[in-house]
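What follows is each chain in one-letter form.
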Amino acid sequence: MTEPIEISKIRIYQDQPPNRRAYIGNFEEPFHYGIHGGVKDFYQKEPETEHPSTLDHIVAAAAG
C-alpha cells in the first residue's frame with residue numbers, strides 16, 4: 001500500500017472548559033465533548049451541560 005486510505009482532518013475548539021467542539025472531516029455539525037458521570041465526579045466539576053468525554057468516543061470507535 002503506497003497511498004493512504006484516509007487522512008483525518010479535525011479542528012478542535014475550546015469552549016467554556018471543559019467543553020470542546022470537534023469538527024471532523026466534512027461533517028458540518030460539530031461533535032461536542034466534555035465530562036459527565038464518573039469523570040465529573042473524579043474532577044469534582046459540575047458542568048453546565050454534560051457531554052461525552054473523548055474517552056467515550058475512543059471506546060465507541062474501538063468497539064465498532
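Placed above this text is the structure.
A quick note: this is a predicted structure, and the numbers were derived from the prediction, not measured.

The rules behind the values
- Residues numbered from 1 in each chain as written.
- Predicted model: local features only at pLDDT ≥ 70, side-chain atom pairs only at ≥ 80, totals over all residues.
- Heavy atoms only, no water.
- Pairing = 2+ DSSP bridges.
- Helix = DSSP H or I, 4+ residues; strand = E, 2+ residues; numbered from the N terminus.
- Axes fitted to C-alpha atoms, helices over the stretch in contact; angles between N-to-C directions.
- Phe/Tyr/Trp six-rings, centres within 6.5 Å; stacked < 30°, edge-to-face > 60°.
- Buried < 20%, exposed > 50% of the residue type's maximum accessible area, 1.4 Å probe, protein only.

Remarks on the sheet that holds strand β1 (residues 10–14)
1) Next: Strand order in the open sheet made by the three strands is β1-β2-β3, with antiparallel pairing throughout. At either end of the open sheet lies a strand with only one pairing partner, and these are β1 and β3 (31–33). Adjacent strand axes in the sheet meet at a mean angle of 20 degrees, parallel and antiparallel pairs treated alike.
2) Next: By the bridge criterion, three bridges tie strand β2 (residues 20–24) to β3 in an arrangement that is antiparallel. By the bridge assignment, R20 is partnered in β3 with Y33.

Details of the packing of aromatic side chains
1) Next: Tallying each qualifying case throughout the model produces three aromatic pairs.
2) Next: A centroid spacing of 6.1 Å and a plane angle of 75 degrees characterise the contact between F27 and F31, whose relative ring orientation is edge-to-face.
3) Next: Taking relative accessible area as the criterion, F31 reaches 31% and is therefore assigned partly exposed.

Everything listed here is a matter of coordinates, which is why it stays silent on function.
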